[in-house]
Amino acid sequence: MRKMLFLIAVVLTAAALYSADSHAWISARTGERNFERAWSAFMSKQPDTAMGYFAKSADAYGLALDENPPSRTTSFPSSLTMAGISAYYAGRNDQVLEAMGKALDKDDSIWEGYIYTALAYARMNDKAHAEEFLEKYIKSNPSQSILSSEVQRQRSVLDDGAAVAGIVRPLEGALFDQFHNNVLFVGRKADDPAGMCGGPFWWRNNRQPCDRSFDFRS
């Protein structure tokens, strides 16, 4: 009898863990799908559509990040970076810090982690941390010339005593210009464009991943 009860307890525990992981995976996948739609609209200069999908993505990734244990998909550095970007454009600074912090713990070369964290801190009027992450962005050597030039310019502005909130708009503009430039002149002209848009960080040089179709009605 005891053995039977023990086996039942093991099965129920395993089922509960599987269910939790399944829910986390579904949330992460929903977040990813909405990020893809958001990014396509963002790069097509449809800001209202993009921000709506970024909000949906942030909602889903927020649920995935809250799951215990998180799914394997949620823990991928690329998934955490998408979660952080979505949270930024949804205006959820604390979620940006959480997601990007976890992404950078796994891979400290993710330059988006540093710049979006710096911007989140700037929005929160935390000058010291914003400056810290701008410096980390530069040290990550991201090879993003448009953005890096603006980061250097805004660091000088901060050194001259300007309010940290003032760096947000110029850096957001430089970020968009950098991504848009990459889509036009890097992704489309790559020797292996399918390889670039099929990778885990596809958004760096592409409007959308290679194997996705989009329906902006859903």
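Residues numbered from 1 in each chain as written. Predicted model: local features only at pLDDT ≥ 70, side-chain atom pairs only at ≥ 80, totals over all residues. Heavy atoms only, no water.

A. Focus on the packing of helix α3 (residues 77-89) against helix α5 (residues 111-123). Where α3 contacts α5, the two axes come as close as 10 Å, and the packing angle between them is 30°. Considering the angle they form, α3 stands roughly parallel to α5. For the pair α3 and α5, the sense of crossing is left-handed. For the pair α3 and α5, contact is made by T81, I85, Y88 and Y89 and by E112, Y116, L119, A120 and R123, respectively. (Axes fitted to C-alpha atoms, helices over the stretch in contact; angles between N-to-C directions. Helix = DSSP H or I, 4+ residues; strand = E, 2+ residues; numbered from the N terminus. Parallel < 35°, antiparallel > 145°, perpendicular 65-115°, else oblique. Left-handed = near helix turned anticlockwise from the far one by under 90°. Contact = heavy atoms within 4.5 Å.)

B. Inspection of the packing of aromatic side chains at higher detail. On inspection of all chains with the given rule, the structure shows 20 aromatic pairs. A ring pair is formed by Y114 and F133, whose centres lie 6.4 Å apart and whose planes are at 35°; its orientation type is tilted. Of this pair, Y114 sits in helix α5 while F133 sits in helix α6 (residues 127-139), placing them 19 residues apart in sequence. A cation sits over an aromatic face here: K136 above F133, 4.6 Å from the ring centre. (Phe/Tyr/Trp six-rings, centres within 6.5 Å; stacked < 30°, edge-to-face > 60°. Lys NZ or Arg CZ within 6 Å of the ring centre and 35° of its normal.)

C. Expanded view of the side chain of S71. You can see S71 is positioned in the loop between α2 (47-66) and α3. Of the residues examined, S71 reaches a relative accessible area of 1% and is grouped as buried. At 2.8 Å, the side chain of S71 and the side chain of T74 are in polar contact. (Buried < 20%, exposed > 50% of the residue type's maximum accessible area, 1.4 Å probe, protein only. Polar contact = N/O pair within 3.5 Å; in protein donor to acceptor, adjacent residues only side chain to side chain.)

D. Looking closely at the packing of α3 against helix α4 (residues 93-106). The N-to-C vectors of α3 and α4 enclose an angle of 155°; their axes lie 8 Å apart at closest approach. As judged from the angle between their axes, α3 and α4 are roughly antiparallel. In the packing of α3 onto α4, the handedness of the crossing is left-handed. The residues of α4 that touch α3, namely those facing P77, L80, T81, A83, G84, I85, A87 and Y88, are Q95, V96, A99, M100, K102, A103 and K106.

E. Focus on the environment of D48. Following the sequence through the fold, D48 ends up in helix α2. Sequence-wise, D48 and A38 are 10 residues apart; in three dimensions their C-alpha atoms are separated by 9.6 Å.

F. Structural context of the confidence of the model for the chain. Here the chain shows a mean pLDDT of 86. Residues at 70 or above account for 80%. Confidence over residues 3-22 falls short of pLDDT 50; this stretch has five contacts with residues more than four positions distant or in other chains. Scored below 50 in pLDDT, residues 213-218 shows 16 contacts in the model against residues more than four places distant or in partner chains. (pLDDT = per-residue confidence, 0-100.)

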